[in-house]
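Fold and geometry: a report
Each chain, letter by letter, is given below.
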Amino acid sequence: MAGLIERYRDRLPFGPDDPVVSLQEGSTPLVYACHISERVGAQVWLKIEGANPTGSFKDRGMTCAVSAAVREGASAVICASTGNTAASAAAYAARAGLRGAVIVPEGKIATGKLAQALMHGARVIALRGNFDQALELVRELAQRHPIALVNSVNPFRLEGQKTAAFEILEEIGTIDALCIPVGNAGNITAYWKGFQEWEPGGALPQMRGFQAAGAAPLVHGAPVERPETVASAIRIGNPARWEEAIAAMRDSRGGVEAVTDEQILDAYRFLASQEGVFCEPASAASVAGLLAYGAPEGAERIVCVLTGHGLKDPQTALEQAGSVIPCEADLASVERAIYDGS
Ligand code: AN7
């Protein structure tokens with residue numbers, strides 16, 4: 001399968017001879033969710049973005065941002081990140097032969113993402129501060145040094161991420177609503193762009209964004225100084241794409257709501273145990289929101305975006321899952337363990 005620049009080049013700002021840095025991202029599964037569909041009384045699909053090469057939707061944006069950086073002659077890329085952007089930037093920088101530096105909030109990123117960024121050889125800086133402070137610092141750094149900033153303030157990131165909307169439309173046609181977790185608000189902005197660009201005059205879905213209750217600036221209408229949530233990926237208090245996200249939700253007659261950590265974790269376990277889909281906690285916010293607030297009136301066809309893979313955050317998974325059953329190495333003990341659970 002081609003990477004997404006190759007697949008959608010005529011809809012992206014890349015010419016036929018431009019350099020392409022790709023790990024064959026995109027073309028992710030769109031899986032029908034029987035149990036969720038039944039619970040909300042509508043047809044619901046899950047867009048499994050954890051199936052991207054580094055395990056999150058960030059790869060869509062990163063193939064474009066890093067390809068553009070190479071075209072511009074950059075020798076290094078930098079980003080602030082709650083984890084997934086760091087992992088993706090590190091991977092694409094490695095592939096392009098660029099140096100990569102990532103700034104993450106100390107102690108607040110999931111283990112898998114940290115392992116990825118380090119393995120790909122990025123310089124990983126653990127900031128004694130939160131994501132919003134990290135983003136402020138990298139924006140200033142990128143102005144002073146010849147480094148390409150690959151956060152979603154970079155327009156190429158949105159160009160890449162809009163292709164997920166194209167894939168949905170190509171695969172199942174128009175939908176009535178899109179449910180999506182919102183952190184820095186780049187992805188919801190990108191999907192809205194993609195839906196609008198696909199076919200002039202085509203039917204557009206309601207954009208329904210969901211934020212964690214402890215990190216819900218768009219819901220409150222004001223920045224959150226100390227955002228807190230179990231969904232570390234969306235622990236963001238002052239989204240960079242604030243206005244664009246609000247416009248997308250307004251123009252699509254959608255909206256933004258908060259979901260509690262408890263609702264997020266319920267959806268996280270439900271997805272894994274009932275639908276067989278293991279996503280990370282932040283991703284489960286889309287399904288948590290749909291379950292908590294219900295299908296929008298008249299919506300029959302809904303897609304929930306699952307932005308990252310469950311293996312990103314093994315610690316939260318182990319805290320939320322059942323425990324293992326210790327067992328002696330004989331047949332009777334194994335039988336007892338299997339049938340009685342003891
Ligand atoms: C799994 O990696 O901001 O609203 O620095 O990792 O576009 O920010 C991650 C965000 C949702 C929110 N789900 O997307 C980062 C970062 C997952 C994420 C979001 C993120 P945006």
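Where an unreviewed UniProt entry is consulted, the chain appears under the name Threonine synthase, with the organism given as freshwater metagenome. One UniProt comment on the chain, placed under Pathway (unreviewed entry), says "Amino-acid biosynthesis; L-threonine biosynthesis; L-threonine from L-aspartate: step 5/5." UniProt lists a comment for the chain under the heading Catalytic activity (unreviewed entry), and it reads "O-phospho-L-homoserine + H2O = L-threonine + phosphate".

1. Overview of the pattern of salt bridges
Side chains that carry opposite charge are capable of pairing whenever their charged atoms lie near each other. Tallied over the full model, the rule gives 18 salt bridges. The salt bridge partner of Lys-193 is Glu-159, with a shortest N-O separation of 2.6 Å. Placement of the pair is Lys-193 in helix 9 (residues 186-198) and Glu-159 in helix 7 (residues 155-161), with a sequence separation of 34 residues. According to the relative accessible area criterion, Lys-193 is partly exposed, its value standing at 27%. Taking the shortest distance from any N to any O, the salt bridge between Glu-228 and Arg-235 comes out at 3.1 Å.

2. Side note on the nonpolar core
Among the nonpolar cores identified, the biggest contains 34 residues, and Ile-36, Leu-46, Leu-271, Val-287, Leu-290, Ile-302 and Leu-306 are the most heavily contacted of them. Setting aside chain neighbours within four positions, we find Val-287 in contact with Ile-36, Leu-46, Ala-267, Leu-271, Cys-304 and Leu-306.

3. Comments concerning the site of the ligand
Near the ligand, the surroundings consist of 22 residues, among which Asn-84, Thr-85, Asn-184, Ala-185 and Thr-307 are the closest. In this structure, an oxygen atom belonging to the ligand sits 2.7 Å away from a side-chain N or O atom of Asn-84. Within the backbone of Asn-184, a nitrogen or oxygen atom sits 2.7 Å from an oxygen atom of the ligand. In the complex, 99% of the free accessible area of the ligand, which totals 470 Å², lies under the protein chains. Residue classes in the shell around the ligand are distributed as eight nonpolar, 12 polar and two charged. Mapping the shell around the ligand onto the domain boundaries places at least three of its residues in each of domain 1 (4-56 + 158-319) and domain 2 (58-155).

4. A word on the packing of helix 3 (residues 58-71) against helix 4 (residues 84-96)
Where helix 3 contacts helix 4, the two axes come as close as 9 Å, and the packing angle between them is 40°. On the basis of the axis angle, helix 3 is oblique to helix 4. Where helix 3 crosses over helix 4, the handedness of that crossing is right-handed. Note on element contacts: helix 4 touches helix 3 through Asn-84, Thr-85, Ser-88, Ala-89, Tyr-92 and Ala-96, opposite Lys-58, Asp-59, Met-62, Thr-63, Val-66 and Val-70. Considered class by class, the residues forming the contact of helix 3 with helix 4 number six nonpolar, four polar and two charged.

5. A word on the sheet that holds strand 1 (residues 30-32)
Across the sheet, six strands lie side by side as 1-2-10-7-8-9; this open sheet has mixed pairing. Every other strand in the sheet has two partners, leaving strand 1 and strand 9 (255-259) as the edge strands with one partner each. When the angles between neighbouring strand axes are averaged without regard to direction, this sheet yields 25°. The pairing of strand 8 (residues 206-212) with strand 9 spans five bridges and is parallel. Its bridge partner lying in strand 9, Gly-209 is registered against Val-256.

6. Side note on the domain arrangement of the chain
The domain boundaries assigned to the chain delineate domain 1 (4-56 + 158-319) and domain 2 (58-155). The distance between the C-alpha centroids of domain 1 and domain 2 comes to 21 Å. Facing the 49 residues of domain 1 at the interface are 35 residues of domain 2. Both faces considered, domain 1 and domain 2 share a buried interface measuring about 3200 Å² in area, 50% of it formed by carbon and sulfur atoms. Three residues stand out in domain 1 for area buried against domain 2, namely Val-21, Arg-235 and Lys-312, and they jointly supply 20% of the buried area on that side.

7. Side note on helix 6 (residues 131-144)
Given 3.6 residues per turn, any residue in an α-helix points the same way as the ones three and four places further on. Taking 1.5 Å per residue, 14 residues should reach 20 Å; helix 6 reaches 20 Å between its end C-alpha atoms and fits that length. Residues Phe-131, Asp-132, Ala-134, Leu-135 and Val-138 constitute the buried set of helix 6. When helix 6 is viewed along its axis, its buried side chains cluster within an angular range of 155° and face the same direction. Pointing more than 90 degrees away from the buried face of helix 6 are the exposed residues Glu-136, Gln-143 and Arg-144. By the N-cap criterion, in which a side-chain oxygen at the helix start approaches the backbone nitrogen of a residue two or three places on, helix 6 is capped by Asn-130, the distance to Asp-132 being 3.1 Å.

The rules behind the values
Residues numbered from 1 in each chain as written. Predicted model: local features only at pLDDT ≥ 70, side-chain atom pairs only at ≥ 80, totals over all residues. Heavy atoms only, no water. UniProt positions renumbered as here; feature names shortened; annotations may be inferred. Salt bridge = Lys/Arg side-chain N within 4 Å of Asp/Glu carboxyl O. Helix = DSSP H or I, 4+ residues; strand = E, 2+ residues; numbered from the N terminus. Buried < 20%, exposed > 50% of the residue type's maximum accessible area, 1.4 Å probe, protein only. Core = buried A, V, L, I, M, F, W, Y, C linked by side-chain atoms within 4.5 Å. Contact = heavy atoms within 4.5 Å. Near = heavy atom within 4 Å. Polar contact = N/O pair within 3.5 Å; in protein donor to acceptor, adjacent residues only side chain to side chain. Areas by Shrake-Rupley, 256 points an atom, 1.4 Å probe, with all protein chains shown as cover. Nonpolar A, V, L, I, M, F, W, Y, C, P; charged D, E, K, R; others polar. Domains from an automatic or database assignment. Axes fitted to C-alpha atoms, helices over the stretch in contact; angles between N-to-C directions. Parallel < 35°, antiparallel > 145°, perpendicular 65-115°, else oblique. Left-handed = near helix turned anticlockwise from the far one by under 90°. Pairing = 2+ DSSP bridges. Buried area = accessible area lost by both parts, 1.4 Å probe. Expected span 1.5 Å × (residues − 1). Arc of directions from axis to C-beta.

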